[in-house]
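# Structural overview
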Amino acid sequence: DFKKITEMTIAFPIAYSKTNYLLTFYYSACLKAATGYFAVGDYKTALKFINRIIQDNSSKSFPECLMLSRIMNLMIHYEMKNDSAIDYERHSINYFLKKGENPAKLEQEVLNFIRELQRNDLQGGKEKLTAIRENIRAIASPADDQRNFFIFTWLDAKTNGISFTAAYQHGFK
């Protein structure tokens, strides 16, 4: 499963590869490795790969990659049950989103999902999580499906109360 997950394509806009091929390749490799480790439950190693992107000053030139990494960072901290880190990251991402010129509805809804997940921890809140998940699917474009595959798979897993690996094997709807 680790090999299958790390072989999946994490696509970035074409402009990234034209700007700096090596950084695009490096960030893609870090995200693939982090996703693979995340899927098998090795959250500490996944966090190391994600932090390579977040802490790299060059990543500011790749806003979509940075946002993807920050959301994955939030997901990892949720799985590690680091509540203080979750709150800090959520506020930090919110600030980052508000600073941007274009409203990022998809990312905002993912933050809402994680906040609701943290509040309910799947006890009686499945309907609310399902509603947020469906709203995210309605907002998402086909390009989002490819770029944010692991986020959507994780949302499916949390909504259905199954593991990330099981959601990945079942396939994204």
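Look above for the structure.
Only a predicted model underlies this, so the values are computations on that prediction, with no experimental measurement involved.

## Let's talk about the side chain of Asn 73
In this structure, Asn 73 sits in helix H5 (residues 63–79). Classification of Asn 73 as buried rests on a relative accessible area of 3%. The residues contacting Asn 73, other than those within four sequence positions of it, are Leu 47, Ile 50, Asn 51, Ile 54 and Glu 89.

## Quick notes on helix H4 (residues 43–54)
The first and last C-alpha atoms of H4 sit 16 Å apart over twelve residues, in line with the 16 Å expected at 1.5 Å per residue. Residues of H4 that are buried: Thr 45, Ala 46, Leu 47, Phe 49, Ile 50 and Ile 53.

## Regarding the packing of H4 against H5
Viewed as axis vectors pointing N to C, H4 and H5 meet at an angle of 155°, and their least axial separation amounts to 9 Å. What the angle tells us is that H4 and H5 run roughly antiparallel. In this structure, the crossing between H4 and H5 has a hand that is left-handed. Here H4 contributes Tyr 43, Ala 46, Leu 47, Ile 50, Asn 51, Ile 53 and Ile 54 to the contact with H5, which in turn contributes Cys 65, Leu 66, Ser 69, Arg 70, Met 72, Asn 73, Ile 76, His 77 and Glu 79. Looking at the contact of H4 with H5 residue by residue, the classes come out as ten nonpolar, four polar and two charged.

Conventions we followed
- Residues numbered from 1 in each chain as written.
- Predicted model: local features only at pLDDT ≥ 70, side-chain atom pairs only at ≥ 80, totals over all residues.
- Heavy atoms only, no water.
- Helix = DSSP H or I, 4+ residues; strand = E, 2+ residues; numbered from the N terminus.
- Buried < 20%, exposed > 50% of the residue type's maximum accessible area, 1.4 Å probe, protein only.
- Contact = heavy atoms within 4.5 Å.
- Expected span 1.5 Å × (residues − 1).
- Axes fitted to C-alpha atoms, helices over the stretch in contact; angles between N-to-C directions.
- Parallel < 35°, antiparallel > 145°, perpendicular 65-115°, else oblique.
- Left-handed = near helix turned anticlockwise from the far one by under 90°.
- Nonpolar A, V, L, I, M, F, W, Y, C, P; charged D, E, K, R; others polar.

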